[in-house]
Amino acid sequence: MTEMTITPDWEYVADSVMGGVSAGQMTQEIVQGRMAVRLRGDVSLDNNGGFVQIATDLPDFDASAWDGITLDVCGNSETYDIRLRTDQLTRPWQSFRAEFTATPAWQSLRFRFVDFVAHKHDIGFDASALRRVGILAIGRVFTADVAIAGLGLYRA
């Protein structure tokens, strides 16, 4: 297995950009002995809302030589989304999606590109056009607490 580390420049985004009332924050801190970016917040469905997220842009990035994404993660045993966006997607609600459970212990997860599900489009995933990775707490009322200590690509 070959891996490549990505050094993300995470940003926090919430549904308030669309009028929602979910609230959260992103911090950099040591979580269980590892430096991590941590997303915490309360997801609310009020006012057509429903998410808090951290995301990083990957401008001019070609992931076509890789099989998928790796993620070092821990959290509060809730289910979260990892979402990918490519150059072909033109609407903010379009993405390629996968779910994971962020267990209390650190875990290294692998997500194969072929397993991501297209959402609100029928475009095939093109790894050479990968432009954004997001980690989302979304779609139901709950308290989010998820930490990311590593992001990368892998090839089997």
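Quick look at the structure, then.

Structural notes on the sheet that holds strand β2 (residues 11-14)
Next up, step 1: Here six strands make up an open sheet; going across it, the order is β2-β5-β11-β7-β8-β10 and the pairing antiparallel. Both outer strands of the open sheet, β2 and β10 (117-119), are each paired with one neighbouring strand and no more. The sheet shows a mean angle of 30° between the axes of neighbouring strands, taken without regard to direction.
Next up, step 2: Both β2 and strand β5 (residues 51-57) contribute to a ladder of four bridges, which runs antiparallel. Bridged to Tyr12 within β5 is Ile54.

Let's talk about the side chain of Asp15
Next up, step 1: Tracing the sequence through the fold places Asp15 in the loop between β2 and β3 (23-31).
Next up, step 2: Arg83 provides the closest opposite charge to the buried, unpaired Asp15, separated from it by 11 Å.
Next up, step 3: One polar contact links the side chain of Asp15 to the main-chain amide nitrogen of Val21, over a distance of 3.3 Å.
Next up, step 4: Not counting chain neighbours up to four residues away, the residues in contact with Asp15 comprise Gly20, Val21, Ser22, Ser44, Gly49, Gly50 and Phe51.

Thoughts on the side chain of Arg97
Next up, step 1: Along the chain, the position of Arg97 falls in strand β8 (residues 95-101).
Next up, step 2: Despite its burial, Arg97 pairs with no opposite charge, the nearest such side chain being Asp81 at 4.7 Å.
Next up, step 3: At 3.1 Å, the side chain of Arg97 forms a polar contact with the side chain of His119.

Quick look at the packing of aromatic side chains
Next up, step 1: Under the criterion given, the structure shown has six aromatic pairs.
Next up, step 2: Ring geometry for Phe100 against Phe111: centres 5.9 Å apart, planes inclined by 65°, an arrangement best described as edge-to-face. A residue pair is termed long-range when its members are at least 10 positions apart, and Phe100 in strand β8 and Phe111 in strand β9 (residues 107-112) qualify at 11 residues. When sorted by exposure, Phe100 lands in the same class as Phe111, which is buried.

Calculation criteria
- Residues numbered from 1 in each chain as written.
- Predicted model: local features only at pLDDT ≥ 70, side-chain atom pairs only at ≥ 80, totals over all residues.
- Heavy atoms only, no water.
- Pairing = 2+ DSSP bridges.
- Helix = DSSP H or I, 4+ residues; strand = E, 2+ residues; numbered from the N terminus.
- Axes fitted to C-alpha atoms, helices over the stretch in contact; angles between N-to-C directions.
- Buried < 20%, exposed > 50% of the residue type's maximum accessible area, 1.4 Å probe, protein only.
- Lys, Arg positive; Asp, Glu negative; His and termini not counted.
- Salt bridge = Lys/Arg side-chain N within 4 Å of Asp/Glu carboxyl O.
- Polar contact = N/O pair within 3.5 Å; in protein donor to acceptor, adjacent residues only side chain to side chain.
- Contact = heavy atoms within 4.5 Å.
- Phe/Tyr/Trp six-rings, centres within 6.5 Å; stacked < 30°, edge-to-face > 60°.

Don't take any of this as a statement about function, it's just geometry.
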